[in-house]
Amino acid sequence: MKIFKKNIFLIIVLCLNLAALVLFPQTGIKSFEFTVKNFMNFLFMLTPVFICIGLMDVWIDRKAMIKLMGENSKSKGVLISFALGVVTAVPLYALLPIAGMLLKKGSKISNVLIFICSSASIRIPLLLFEVSYMGWKFTMIRFIVNFFIVFAIAIIIDKTLNEKDKKEIYDNAYKL
Amino acid sequence: MNSIFSYYLYGIAAILLIISYLKNKNKTLLGLKKALKMFLNVLPQFIAILFLLGLLLAAIPSSVIKNVLGENSGISGILASAALGSITIIPVIIAFPIASELLQSGAGIVQIAVFISTLTTVGFATMPLEIKYLGKKTTYLRNLFALIFSFITAYVTGWALR
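Please read all numbers here as calculations on a predicted model, not as lab measurements.

1. A word on the overall build of chain A
When helices and strands are tallied, chain A shows 10 helices and zero strands. For chain A, the sequential pattern of α-helices and β-strands runs α-α-α-α-α-α-α-α-α-α. Out of the 176 residues in chain A, the part that is buried amounts to 51%. The long-range fraction of contacts in chain A, counting pairs at least 24 apart against all pairs at least 6 apart in sequence, stands at 72%. For chain A, the centre of its 21 positive side-chain charges and the centre of its 10 negative side-chain charges are spaced 2 Å apart.

The following block contains the structure:
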């Protein structure tokens, strides 16, 4: 029962896929083909990410991390989180395990949110790529607007979460 | 195309691994063991995302994406682009060339901008994974605000590039 509840999303999606296979065989078969192909891409992308967070787990000292990005890190913590975010050019799904590790090591929640939001919307390694396709103006306007939005989202969510919510997030991070 | 940036990640991981191994062999092995454990812990969520993504890709062919972004205009087109960006997971490396091509063939800049913003910041399919790391409340709020602000970014971009 516990396993069922824990993997409810996986079970629902599997049922949907099976239903597609029965009702629309063509779409269903295509879906399985895409799933296998994407699984390889995911593994390829996630292997270095997980190696890095595994090493972070054993090498990074919690105290040092709290000093850098923790509760009393103030503007230094904000700056480090933002810088770390914008140089990390990975999709959202690969970003989350890194965020979990930052939480486990005692980073402030608002800083982790800055990291996630900045990395999702501003990716410095990809800027030139964006410029070459979308042009300077498009890229720069998005960059500037996103800069403000990153902090807006992080601050709003941080203010909305109460102590209980925050404790839950940290407890959860320890279990990962 | 996507692999260029993955190689950059592999480079970083390899350098860190070598430094770590030279400094302390046992600690490195422990780190790798922990990495594997953490990976297996979220594997069910990842597999679910993959199946959902496969289904979405099979049900929404790229021609549909091109139609939604390229031909619909006005508010309904912008909403459809936002919905499309929120539910699909396409690497930006693939999305930018498509977006650029659509712009040249006359698609609205607001649609394209909202699509790119939602694609990168709003993750409908990855929500269960995000909940696992950040909890329900933070996940819902983050995705909601990311969606709202995607419209703002898109309108500002559209207004500035008029």
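2. Observations concerning the overall build of chain B
A tally of helices and strands in chain B yields eight helices and zero strands. Secondary structure of chain B in N-to-C order comes out as α-α-α-α-α-α-α-α. A globule of 162 residues ought to have a C-alpha radius of gyration of about 15 Å, yet chain B, at 19 Å, is considerably larger. Residues counted as buried form 50% of the 162 residues belonging to chain B. Total accessible area on chain B is roughly 7,500 Å²; 71% of this is exposed by carbon and sulfur atoms.

3. Description of the packing of helix α2 (residues 8–23) of chain A against helix α3 (residues 25–59) of chain A
Residue and element names in this part refer to chain A. Interhelical geometry of α2 versus α3 gives an angle of 135° and a closest axis separation of 5 Å. In terms of orientation, α2 lies oblique with respect to α3. In this structure, α2 meets α3 at a crossing whose hand is left-handed. On the side of α2, the interface is formed by Asn17, Ala20, Leu21, Val22 and Leu23, while α3 contributes Pro25, Gly28, Ile29, Ser31 and Phe32. Split into classes, the residues belonging to the contact of α2 with α3 amount to seven nonpolar, three polar and no charged.

4. Comments concerning the domain arrangement of chain A
Residues and elements named next belong to chain A. Examined at the domain level, chain A breaks down into domain 1 (1–59) and domain 2 (61–176). The straight-line distance from the C-alpha centre of domain 1 to that of domain 2 is 25 Å. Counting residues at the interface gives nine residues for domain 1, matched by 11 residues for domain 2. For the pair domain 1 and domain 2, the summed buried area comes to about 930 Å², and 76% of that belongs to carbon and sulfur atoms. In terms of surface lost to domain 2, no three residues of domain 1 exceed Met45, Met56 and Asp57, which account for 46% of the buried area on that side. Across the contact surface, domain 1 and domain 2 share two salt bridges. Its salt-bridge partner being Lys105, residue Asp57 comes within 3.6 Å of it at the nearest N-O pair. Taken together, the links from domain 1 to domain 2 amount to three residue pairs in polar contact (both at pLDDT 80 or more). Residues of the side of domain 1 that touches domain 2, tallied by class, amount to eight nonpolar, no polar and one charged.

5. Focus on the interface of chain A and chain B
When the parts come together, some accessible area is lost, and that loss is often what is quoted as the size of the interface. Residue-level contacts link 74 residues of chain A with 78 residues of chain B. For the pair chain A and chain B, the summed buried area comes to about 7,000 Å², and 81% of that belongs to carbon and sulfur atoms. Taken together, the connections running from chain A to chain B amount to two salt bridges. With a closest N to O distance of 2.7 Å, A:Asp165 and B:Lys137 form a salt bridge. Seen at the junction of chain A and chain B, the total is nine residue pairs in polar contact (both at pLDDT 80 or more).

6. A few points about helix α2 (residues 25–59) of chain B
Residue and element names in this part refer to chain B. For α2, which comprises 35 residues, the first-to-last C-alpha distance of 48 Å matches the rise-based estimate of 51 Å (1.5 Å per residue) to within 8%. Along α2, the sharpest kink reaches roughly 50°, centred on Leu43 and followed within four residues by the proline Pro44. Its side-chain oxygen placed 3.1 Å from the backbone nitrogen of Asn26, Asn24 serves as the N-cap of α2.

7. Looking at a nonpolar patch on the surface
Where nonpolar side chains cluster on the molecular surface, the patch consists of A:Leu18, A:Leu21, A:Val22, A:Leu23, A:Phe24 and A:Ile29 and spans about 620 Å² of accessible area. Broken down by element, the residue count for the nonpolar patch peaks at four residues, all from α2(A).

8. Here we look at the pattern of salt bridges
This model, assessed by the stated rule, comprises eight salt bridges over all chains. The shortest N-O distance in the salt bridge between A:Asp57 and A:Lys104 comes to 3.0 Å. Of the two residues, A:Asp57 is situated in helix α3 and A:Lys104 in helix α6 (residues 92–104); the sequence distance between them amounts to 47 residues. As far as the burial class goes, A:Asp57 and A:Lys104 line up, both buried. A cluster of three or more residues bridged by salt bridges with shared partners is formed by A:Asp57, A:Lys104, A:Lys105 and B:Lys34.

Rules used in this analysis
Residues numbered from 1 in each chain as written. Chains lettered and ligands numbered in written order. Predicted model: local features only at pLDDT ≥ 70, side-chain atom pairs only at ≥ 80, totals over all residues. Heavy atoms only, no water. Helix = DSSP H or I, 4+ residues; strand = E, 2+ residues; numbered from the N terminus. Buried < 20%, exposed > 50% of the residue type's maximum accessible area, 1.4 Å probe, protein only. Contact = heavy atoms within 4.5 Å. Lys, Arg positive; Asp, Glu negative; His and termini not counted. Charge placed at Lys NZ, Arg CZ, Asp CG, Glu CD. Rg over C-alpha atoms; globule rule 2.2 N^0.38 Å. Areas by Shrake-Rupley, 256 points an atom, 1.4 Å probe, with all protein chains shown as cover. Axes fitted to C-alpha atoms, helices over the stretch in contact; angles between N-to-C directions. Parallel < 35°, antiparallel > 145°, perpendicular 65-115°, else oblique. Left-handed = near helix turned anticlockwise from the far one by under 90°. Nonpolar A, V, L, I, M, F, W, Y, C, P; charged D, E, K, R; others polar. Domains from an automatic or database assignment. Buried area = accessible area lost by both parts, 1.4 Å probe. Salt bridge = Lys/Arg side-chain N within 4 Å of Asp/Glu carboxyl O. Polar contact = N/O pair within 3.5 Å; in protein donor to acceptor, adjacent residues only side chain to side chain. Expected span 1.5 Å × (residues − 1). Bend = angle between axes of the 7 residues up to and from the residue. Patch = residues over 30% accessible without salt bridge, like charges linked within 9 Å, V, L, I, M, F, W, Y side chains within 5 Å.

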